[in-house]
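# Structural overview for review
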Amino acid sequence: MKQYDVTITETLQRTVSVAAAFRQEAEQMVTDSWNHQDYVLGSEDFVGADFRTTAERELEPKKTMDVLLVQPNAFPRPVTIENGLEALQAAVGGDIEATYPFDDNVALVINDEGKIAGLPLNRALRTEDGDIYDIVVGDFLVVGLTEDDFGSLTPEQMEKFEKQFHQPETFIRMGKSIMAIPLPDDMVKDMAEKQPLQGMKPKQSDRECL
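Notes on the structure follow. Note that the structure is predicted; figures quoted are calculated from it, not measured.

### Let's talk about the overall build of the protein chain
- When you go through the protein chain residue by residue, the secondary structure sums to four helices and twelve strands.
- A globule of 210 residues ought to have a C-alpha radius of gyration of about 17 Å, yet the protein chain, at 32 Å, is considerably larger.
- Of the roughly 14000 Å² that the protein chain leaves accessible, carbon and sulfur atoms contribute 51%.

What follows is the structure in structure tokens.
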């Protein structure tokens, strides 16, 4: 794919009759009158147009990546998005932050101000012992990592993190601790029917209480 710059040249033309002693005088008379705007050429004087390519450039194809979208009260789903800041921001509904909580070569792309904005609680992050140390809020992405950028998940990574985040959770405060309770499948499906997913936009549901 290439990008071309094409110059459009329109030609306006009008013939003016003047009385003069010789050709140069006639041309000068008409030139002076034109400079004083006695003659203003418009659409009725149009006689043609020329289109000429003045430059061409190779266009880089837009890069996309296959990642996992995880939303509150919904099962994760694979999505293909452009690998660019605007697409990532659209996916999480605001400025992004990347976290690296796993040994795998993946990152979580989350909304940088999700907790401040009161986005709904989504999935718990746990230690090796299964203790909750953080809760991700709002929509987030699981993305792969390349040497210097985000990239597609491998099929194995896609399967692994779909299983890890498969079951939506609701959260209850128990004294000083927080308990994450998996939502039953029928409740998840019921919520999906009442609040169908709308593309990549984050849901504006009420925040679940701790």
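Anyway, onward from the coordinates.
### Description of helix α1 (residues 23–35)
- Its 13 residues give α1 an end-to-end C-alpha distance of 18 Å, which sits within 8% of 18 Å, the value for a rise of 1.5 Å per residue.
- Downstream of α1 by one or two residues, Q37 has phi in the positive range, about 60°.

### What to know about the nonpolar core
- Grouped together as the largest cluster of nonpolar side chains are 14 residues, with contacts concentrated most on L68, F102, L108, F140, V142, F161 and F165.
- For this core, the elements supplying multiple residues, two or more each, are β3 (64–70), β6 (106–111), β9 (140–145) and α3 (155–164).
- If we ignore the near neighbours within four places in the chain, the residues touching L108 are E97, A98, T99, P101, F102, L125, V136, F140, L141, V142 and F165.
- V67, L69, V92 and V143 belong to the second largest nonpolar core, which has 13 residues in total.

### Brief notes about the pairing of strand β11 (residues 169–174)
- Here β11 runs beside strand β12 (residues 177–182); their pairing, made up of six bridges, is antiparallel. Paired with I172 across the two strands is M179, which belongs to β12.
- The turn linking β11 back onto β12 is made up of two residues, and G175 within it adopts a positive phi angle of 65°.

### Here's the deal with unusual backbone geometry
- Even without glycine at this site, Q37 takes up a positive phi of about 60°.
- With respect to the helices and strands, Q37 occurs in the loop between α1 and β2 (46–58).
- In this structure Q37 comes out as exposed when scored by relative accessible area, which is 62%.
- The backbone of N73 shows a phi angle near 60°, a positive value even though the residue is not glycine.
- With respect to the helices and strands, N73 occurs in the loop between β3 and β4 (77–82).

### Describing the packing of aromatic side chains
- The full count for this structure, using the stated rule, is four aromatic pairs.
- Arranged with centres 5.1 Å apart and planes meeting at 50°, the rings of F102 and F161 form a pair that is tilted. One end of the pair, F102, is in the loop between β5 (96–99) and β6; the other, F161, is in helix α3, with 59 residues separating them in the sequence.
- A residue is classified by how much of its surface remains accessible, and F161, at 0% relative accessible area, is buried.
- With centroids separated by 6.3 Å and ring planes inclined at 65°, the aromatic side chains of F102 and F165 adopt a geometry described as edge-to-face. Here F102, found in the loop between β5 and β6, pairs with F165, found in the loop between α3 and β11; they are 63 residues apart in sequence, far enough to count as distant. In terms of burial, F102 and F165 fall into one category: buried.

Parameters at a glance
- Going along each chain's sequence as written, the residues are numbered from 1 onward.
- Reporting in this predicted model follows two pLDDT cut-offs: at least 70 for local features of residues, and 80 or more for side-chain atom pairs to be given and counted; totals over whole chains, interfaces and linings ignore these cut-offs and use all residues.
- In computing side-chain values, all of the structure's heavy atoms are included and hydrogens and water are not.
- A run of H or I in DSSP becomes a helix once it reaches four residues, and a run of E becomes a strand once it reaches two; helices and strands are each numbered from the N terminus.
- In this setup the radius of gyration rests on C-alpha atoms only. A globule is expected at 2.2 Å times the number of residues raised to 0.38.
- Shrake-Rupley sampling with a 1.4 Å probe provides the accessible areas, and residues are treated as covered by the protein chains on show and by no other component.
- Each residue after the first adds 1.5 Å to the expected span of a helix.
- Buried Ala, Val, Leu, Ile, Met, Phe, Trp, Tyr and Cys residues form a nonpolar core when they are joined through side-chain atoms within 4.5 Å.
- A simple rule labels every residue: compare its accessible area, found with a 1.4 Å probe on the protein chains alone, to the largest value its type can have, and call it buried under 20%, exposed over 50%, or partly exposed in between.
- For this analysis, residues touch if any pair of their heavy atoms sits within 4.5 Å.
- For two strands to pair, DSSP has to find at least two bridges joining them.
- Any pair of Phe, Tyr and Trp rings, taking the six-membered ring for Trp, is counted once the centres come within 6.5 Å. Such a pair is stacked with planes under 30 degrees apart, edge-to-face with planes over 60 apart, and tilted for the rest.

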